[in-house]
Amino acid sequence: MRKKIVAGNWKMNLDYNEGLALFSEIINMVNDEITGTQQAVICSPFIHIHSLVQLAKGYHKVAVGAQNAHQAESGAYTGEISAKMIKSTGAAYVILGHSERRQYFGETNALLAQKTDTVLKHDLTPIFCIGETLQEREAETHFDVIKTQLVEGIFHLSAEDFGKLVIAYEPVWAIGTGVTATSAQAQEIHDFIRKEIAAKYNQAVADATTILYGGSCNPKNAAELFAQADIDGGLIGGASLKSRDFLDIVKTFN
Ligand SMILES: O=C[C@H](O)COP(=O)(O)O
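Treat the numbers as computed from the prediction; the structure is a model and nothing was measured.

Once that is clear, we can look at the sheet that holds strand β7 (residues 211-214). Pairing in this closed barrel of 8 strands is parallel, and the strands run β1-β2-β3-β4-β5-β6-β7-β8 around the ring. Adjacent strand axes in the sheet meet at a mean angle of 25 degrees when their direction is disregarded. Where strand β6 (residues 166-169) lies against β7, 3 bridges are found, and the strand directions are parallel. Directly across from I167, in β7, lies its bridge partner I211. In the packing of helix α9 (residues 183-200) onto the sheet, contacts are made with β6 and β7, and the angle to β6 comes to roughly 145 degrees.

In structure tokens:
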């Protein structure tokens, strides 16, 4: 049985005090409301991470993650944060290759392959994001785009290392737009991703890989999305900024 995960991505929102207040609300609700084995994750801005990890002690249904990490171990990279630094805070996850990083910061599949190696080396779990733009879907190249992202970004990993990561499928046209992929559209891609993993590695590796859906996921549409055979949870942007909405999405797996 693969792990069910609902990860919140706060993106560049919430100052330090606002972040701690929201996280406190979340952990106070989690123990009362989460009755299943699903894992909730909050991927906050770097400034919050250490404090959130401290607050989360004793609440193992909630883990903390970062939204990016540099590919190098250390060095003269002003303004950057290394995987080792993230690990030292007690965080467990790192989002890699979010479409906003690809679009606004020029992150390529080749760079993301390096970041994945570094993050895994420091025993953090990458949440590796893939997904097509609207233009690519309209041109019907979305399967090719996703396959290339897999091949160039993470298919260099050994089967053992591949087993340590989480994949998030986020169609770029559904992110922050209020337009969700239909459950059938999302399932079609998740099934495709799992078949590609089986072809590259084997069926056991594919069956064990957690594949999240992201893109305008909310408490109203989560149940139908998460009921699909190959959708193992969500990567939640806007709705993760409200404790009630985030918890309601996490509770889909109760
Ligand atoms: O990482 C999260 C995704 O980009 C989804 O964002 P959204 O839920 O605001 O559409």
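Once that is clear, we can look at helix α12 (residues 243-250). Taken as a whole, α12 has its buried residues at F246, L247, I249 and V250. Around the axis of α12, the buried residues are gathered within 160 degrees of arc, so they sit on the same side. As for α12, its buried residues are in contact with β1 (5-9), α1 (16-33), β2 (39-43), α11 (222-226) and β8 (233-236).

Taken from the UniProt record, the annotation "binding site: substrate" (unreviewed entry) applies to N9, W10, K11, G176, S216, G237 and G238. Over a stretch of 230 residues, the named residues converge on one spot in the fold, their C-alpha atoms separated by at most 13.9 Å. Positionally, W10 belongs in the loop between β1 and α1. Under the C-beta neighbour-count criterion, W10 is labelled buried, with 21 such atoms within 10 Å.

In the neighbourhood of the ligand, 14 residues make up the surrounding shell, with N9, I175, G214, G237 and G238 lying closest. Looking at the shell around the ligand, its residues break down into 5 nonpolar, 8 polar and 1 charged.

UniProt annotation of "active site" (unreviewed entry) refers to H98 and E170 when read in the numbering used here. Over a stretch of 73 residues, the named residues converge on one spot in the fold, their C-alpha atoms separated by at most 8.3 Å. In this fold, H98 is placed in the loop between β4 (93-96) and α4 (99-104). Classification of H98 by C-beta neighbours within 10 Å gives buried; the count is 26. With sequence-adjacent residues up to four places away left out, H98 is seen in contact with Q67 and C129. Tracing the sequence through the fold places E170 in the loop between β6 and α9. Ignoring anything within four residues of it in the chain, the contact list for E170 reads S99, C129, G131, I175, G214, G215 and L235.

The next subject is the nonpolar core. Counting residues in hydrophobic clusters, the biggest one holds 71 residues, and the most contacted among them are A7, V94 and I127. Ignoring any residue separated from it by four or fewer positions in sequence, one finds I127 in contact with A7, Y93, I95, L96, V166, A168 and L235.

Time to look at the packing of α1 against α12. In helix packing, the relevant descriptors are the interaxial angle and the interaxial distance, both defined with respect to the helix axes. Where α1 meets α12, the axes come as close as 10 Å, and the angle between the chain directions of the two elements is 35 degrees. Where α1 crosses over α12, the handedness of that crossing is right-handed. On α12, the residues touching L22, E25, I26, M29 and E33 of α1 are S243, F246 and L247. Split into classes, the residues belonging to the contact of α1 with α12 amount to 5 nonpolar, 1 polar and 2 charged.

Basis of the calculations
- Residues numbered from 1 in each chain as written.
- Predicted model: local features only at pLDDT ≥ 70, side-chain atom pairs only at ≥ 80, totals over all residues.
- Pairing = 2+ DSSP bridges.
- Helix = DSSP H or I, 4+ residues; strand = E, 2+ residues; numbered from the N terminus.
- Axes fitted to C-alpha atoms, helices over the stretch in contact; angles between N-to-C directions.
- Contact = placed C-beta atoms within 7 Å.
- Buried ≥ 20, exposed ≤ 12 C-beta atoms within 10 Å, placed from the backbone.
- Arc of directions from axis to C-beta.
- UniProt positions renumbered as here; feature names shortened; annotations may be inferred.
- Near = placed C-beta within 6 Å.
- Nonpolar A, V, L, I, M, F, W, Y, C, P; charged D, E, K, R; others polar.
- Core = buried A, V, L, I, M, F, W, Y, C linked by C-beta atoms within 7 Å.
- Left-handed = near helix turned anticlockwise from the far one by under 90°.

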